[in-house]
Amino acid sequence: MSEETTWPLAGLRILDLSSEIAGPYASKLLIDAGADAVKLERPGAGDPLRRWSASGHAVPDGEDGALFQHLNASKLGACADLTTEAGRQRVLDLAAASDLVFESFAPGELAGLGLDLPALQVRNPSLSLVSISPWGAKGPWAERAASEFTLQAATGSTDHRGLDSRGPVAAGGRIGEWAAGTFAALGGLLAWLSARRTGRGQHVDVSTFEAMLICMTYYHDLSSQWRDEKLNRSIEIPSIEPASDGWVGLCALTGQQWKDFCVLIGQPEIGEDEQYLDGWRRSQQLEFMQRVIHDWTREHTAAEIVELASLLRIPAAPIGDGRSLPQTDHFIERGVFAAGPGGFARPRPPFLLQKSALRPFGPAPKLGEHDQQIAPRSSGTPPQPEGGTELPLSGLKVLELSTFWAGPIAGCALADLGADVIKVESIQRPDGMRFAGAVPGEQFWEWSPVFHGVNSGKRGITLRLDDEEGKALLERLIARVDVVMENFSARVMDNFGLGWQRIHEINPRAIMVRMPAFGLDGPWRDRAGFAMTVEQASGLAWITGYEDLPLVMRGVCDPVGGMNATLALLFALEHRKRTGEGQLVEVPLVEGALNLAAEQVIEYSAYGALLTRAGNRGPCAAPQGVYRCAGEDAHVALAVLTDEHWQALRVLMSDPEWARDPALASVAGRHAAHDSLDEHLASWFSTQKRDDVTQRLLDAGVPANALVNGHRLMPNPQLEARGFFQIMQHPVTGETRYPGLPMSFSGLPRALHTSPPPTLGQHNDEVLKQELGLSDEELRDLRERKVIGERPAFL
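We now turn to the structure provided with this report. Every value quoted in this text rests on a predicted model; they were computed, and no experiment measured them.

Description of the overall build of the protein
Logical step 1: Along its length, the protein carries 33 helices and 28 strands.
Logical step 2: Over its C-alpha trace the protein gives a radius of gyration of 26 Å, about what one expects of a compact globule, namely 28 Å for 795 residues.
Logical step 3: Across its three principal axes, the protein shows a C-alpha extent of roughly 80 × 70 × 50 Å.
Logical step 4: For the protein, contacts bridging at least 24 residues in sequence account for 76% of all contacts bridging at least 6.

Structural notes on unusual backbone geometry
Logical step 1: At the junction of Ile237 and Pro238, the peptide bond is cis and its omega measures out at -5° in the coordinates.
Logical step 2: Position of Pro238 relative to the elements: it lies in the loop between helix H11 (220-224) and strand S9 (240-243).
Logical step 3: Note the cis peptide between Met714 and Pro715, where omega equals 5°.
Logical step 4: As for its placement among the helices and strands, Pro715 is situated in the loop between strand S25 (704-706) and helix H31 (717-722).
Logical step 5: Backbone geometry at Ser74 places phi at a positive 70°, although glycine is not the residue there.

Structural notes on helix H18 (residues 406-416)
Because an α-helix completes one turn every 3.6 residues, residues spaced three or four positions apart along the sequence face the same direction.
Logical step 1: Most of H18 is tucked away, with 11 of its 11 residues classed as buried.
Logical step 2: Turning to H18, its buried residues are Ala406, Gly407, Pro408, Ile409, Ala410, Gly411, Cys412, Ala413, Leu414, Ala415 and Asp416.
Logical step 3: The first or second residue beyond H18 is Gly418, which carries a positive phi of 115°.

Description of the side chain of Arg459
Logical step 1: Relative to the assigned elements, Arg459 resides in strand S17 (residues 459-462).
Logical step 2: By relative accessible area, Arg459 is classed as buried at 11%.
Logical step 3: Arg459 has contacts with Asp420, Val421, Ile422, Lys423, Pro758, His763, Glu766, Val767, Gln770 and Glu771, leaving out every residue within four places of it along the chain.

Remarks on the packing of aromatic side chains
Geometry of an aromatic ring pair is reported as the spacing of the ring centres plus the angle between the planes.
Logical step 1: The full count for this structure, using the stated rule, is 20 aromatic pairs.
Logical step 2: Each ring, one from Tyr219 and one from Trp405, has its centre 5.8 Å from the other, and the planes form 55°; the classification is tilted. Here Trp405 lies in the loop between strand S15 (397-400) and H18 and Tyr219 lies in the loop between helix H10 (208-216) and H11, a separation of 186 residues in the sequence.
Logical step 3: Judged by relative accessible area, which is 5%, Tyr219 ranks as buried.

Things to note about the pairing of strand S19 (residues 511-514)
Logical step 1: Of the two faces of S19, the one holding Ile511 and Val513 and the one holding Met512 and Arg514 are both buried throughout.
Logical step 2: Here four bridges tie strand S18 (residues 483-486) to S19, and the two strands are oriented parallel to one another. By the bridge assignment for S19, Val484 is matched with Met512.
Logical step 3: Sheet topology places S19 next to strand S22 (residues 584-586); three bridges connect them, and they run parallel. Within S22, the position partnered with Val513 by the bridge is Val585.

A few points about the sheet that holds S25
Logical step 1: If you walk across this open sheet you meet the three strands as S23-S24-S25, and the pairing is antiparallel. Of all strands in the sheet, those bounded by a partner on one side alone are strand S23 (624-628) and S25. The sheet shows a mean angle of 15° between the axes of neighbouring strands, direction not considered.
Logical step 2: Pairing of strand S24 (residues 635-639) with S25, which is carried by three bridges, proceeds in the antiparallel orientation. Across the sheet, residue Ala637 finds its bridge partner in S25, namely Asn705.
Logical step 3: Docked against the sheet, helix H29 (residues 674-685) engages S23 and S24, running at close to 30° with respect to S23.

A look at the pattern of salt bridges
Logical step 1: Evaluation of the coordinates by the stated rule reveals 62 salt bridges.
Logical step 2: Between Glu210 and Arg722 there is a salt bridge, and its shortest N-O distance comes to 2.6 Å. Of the two residues, Glu210 is situated in helix H10 and Arg722 in helix H31; the sequence distance between them amounts to 512 residues. Neither residue differs from the other here; Glu210 and Arg722 are each classed as buried.
Logical step 3: Ionic pairing is found between Glu469 and Arg785, a salt bridge with its closest N-O pair at 2.4 Å. Of the two residues, Glu469 is situated in helix H20 (residues 468-478) and Arg785 in the segment after helix H33 (776-784); the sequence distance between them amounts to 316 residues.
Logical step 4: For Glu469, a relative accessible area of 36% puts it in the partly exposed group.
Logical step 5: Taken together, the salt bridges that share partners define one network made up of Lys397, Asp420, Arg459, Arg480, Glu766 and Glu771.

Thoughts on the pairing of strand S5 (residues 128-133)
Logical step 1: Within S5, six of the six residues are buried, which leaves the element mostly enclosed by the surrounding structure.
Logical step 2: The side-chain alternation of S5 yields two buried faces, one formed by Ser128, Val130 and Ile132 and the other by Leu129, Ser131 and Ser133.
Logical step 3: The pairing of strand S4 (residues 100-103) with S5 spans four bridges and is classified as parallel. Along S5, the bridge assignment pairs Glu103 with Ser131.
Logical step 4: Examined bridge by bridge, S5 and strand S8 (residues 203-207) share five bridges and lie parallel to one another. If you follow Ser131 over to S8, its bridge partner there is Asp205.

Describing the packing of helix H7 (residues 148-155) against H10
Logical step 1: As a packed pair, H7 and H10 sit with axes 9 Å apart at the nearest point and diverge in direction by 60°. Compared by their axis directions, H7 and H10 come out oblique. Viewed along their axes, H7 and H10 form a crossing whose handedness is right-handed. Here Glu148, Leu151, Gln152, Ala154 and Thr155 of H7 come into contact with H10, specifically with Thr208, Phe209, Met212, Leu213 and Met216.
Logical step 2: Considered class by class, the residues forming the contact of H7 with H10 number six nonpolar, three polar and one charged.

A word on the sheet that holds S15
By definition, the strands of a sheet pair up through backbone hydrogen bonds, in either a parallel or an antiparallel sense.
Logical step 1: An order of S14-S22-S19-S18-S15-S16-S17 is seen for the seven strands of this open sheet, with the pairing classed as mixed. Where the open sheet ends on each side, the last strands, each with one partner, are strand S14 (352-353) and S17.
Logical step 2: As paired strands, S14 and S22 are joined by two bridges and run antiparallel to one another. Within S22, the residue paired with Leu353 across the bridge is Val585.
Logical step 3: On the sheet, helix H24 (residues 557-579) packs against S14, S18, S19 and S22 and is oriented at approximately 160° with respect to S19.

What counts as what
- Residues numbered from 1 in each chain as written.
- Predicted model: local features only at pLDDT ≥ 70, side-chain atom pairs only at ≥ 80, totals over all residues.
- Heavy atoms only, no water.
- Helix = DSSP H or I, 4+ residues; strand = E, 2+ residues; numbered from the N terminus.
- Rg over C-alpha atoms; globule rule 2.2 N^0.38 Å.
- Contact = heavy atoms within 4.5 Å.
- Buried < 20%, exposed > 50% of the residue type's maximum accessible area, 1.4 Å probe, protein only.
- Phe/Tyr/Trp six-rings, centres within 6.5 Å; stacked < 30°, edge-to-face > 60°.
- Pairing = 2+ DSSP bridges.
- Axes fitted to C-alpha atoms, helices over the stretch in contact; angles between N-to-C directions.
- Salt bridge = Lys/Arg side-chain N within 4 Å of Asp/Glu carboxyl O.
- Parallel < 35°, antiparallel > 145°, perpendicular 65-115°, else oblique.
- Left-handed = near helix turned anticlockwise from the far one by under 90°.
- Nonpolar A, V, L, I, M, F, W, Y, C, P; charged D, E, K, R; others polar.

Laid out in structure tokens, this is it:
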């Protein structure tokens, strides 16, 4: 059997009509697993990313930008002018022999060309179409001007990050587009699986805005339902601090980590002061905190700090960037970076499958390179539908032992699409996210916004795994499921005697998905790591913040890591469908983050350019920034992407004399004059009312958005029209509004959650009776001995 036939998605056929980052990254993730793709572009310039370099490096004629080459590796390339009958017919012919089409046209544009899903399905009813757009293809804002930068403002992410004295700052690196691409890959794969069951494809409508709400906020809308106050702007303490030789990343997410950190820096009395257990209170004492922290960190190298912190299980990491990452010992030992076609370094795919080979990177196509090779293919006789519901994962049984964010959001997505997910905690150590940001009061462990955001649709039980009987019950459950999923640090499951070998011994068909922060081997294997640590280590933090102070993005690698794990699981299930074999799947959180930050390594390796942060400026637009308006803490995010946007802005400002400078007529000229532009724009915006000027900018087609406070996201007409939220009745919090997936499926209801998040041990009786046949007397005995329970044992 050849390696190609063992690729998990061998035989899946993709037609990629998308451009820029999100769509090509979505198809790339599926190509990595063996799918085949044709990239169809407009004649002439093709995908704008062909000429793109984030550092401004001039891509020579006849060559393609390195990021384009990375995102479009292993695709065939062809051209079609969709304004002509022949071009449209070519799309129809290629779609007739494809399983998935990815597109990123403006909402309604494909339909206007006669290429919407019903037209594409005339010859191929099982075809699915994945559309990616800023706001989603439907809703009152569907055609509203936007950029990734202004979408960040709309989510509440930008307003929450930074110092009041220096103003809010957005995350760098077009991160929302990469996140949307990850969700689009999952949406496409799920639609294909559903079509295989039913014989009918679906339209998957992916909203970048909704993906960014999931990935770039801490479920602030959930928090706003329980806390009426506005969300404060802040930075984490500790976070990225100066060492004697550069920067070092630290994290104290839990109270114990903060106390241990204070011991580390020789300030144990600060750790015992209860007021500083709260991160917001620490940020209110910024000058004091920075003084005591920096007095210690500046006396040590970054490597020394990481080593000392790791001994105390305090999450810590060096601050990675495009130059240093490929030279980092951990990534070298694990073989994370390698040069492929094009000669530049890039990260491997963000998942490892024990028994399923992944496709090596092939060359990206030149524009129209395979025009003569790609002839209309016969779709052949469509296979008979397998049968089953449109929910592609119905019948799948998952045992989830994960905590915090990345693992639970993967389990939530599986439950939404039909899987029976049993979440396992213990009363001795409940999921730590139950306590993060929880509202004080009775049963406070049931009031965490992030826990609520990532645990809908599951059945929840408790089992004490360091108790022989608790472990024996878990092993009985393992024998009955398809999937075991966990995201502890690498040593935890082995310490319980529940590593891969034991799982495989109990259930040879089971797939075990492991999601350690830094992977199952390598020098960093046993280091503690939360999302902030991973952002610090991967380069995501390097590209975000003020010029003299990098900041964390806050969470994006967790939800994206969860979606990577879900994709990898689906790949492993395809392998099992063919072979009957279970396998170990490894999805290190840091490797997902390295894929999100891939452009930094690619740009340095290909062009010798070290990308770095520039506050609210960015390479895509000029001017781009956050500008204060008249009124208290009122800001607008503005991104002038094109010369047409600039001309519209001039008209809106009554074309002041300074704006008439011919040098400003080009993007390059505006980048060069950004300091001057910021001064003029700050003066003009200061006289404008925020909501009024935002609307006038949008009416003129200029991407802009008022900075939204995360606790004031709703009401939002776009989210309401698209049904992004689902109201459910929770046993403790009552009527609560929950976010869903950032995409709709035409063949499924938008509201996919089957139940609210479980309370601690809520389904002990149901699961242990139904699945294992335990009696009431046995359950009483287990409760008395605290093997199971419904309340944290330490209270």
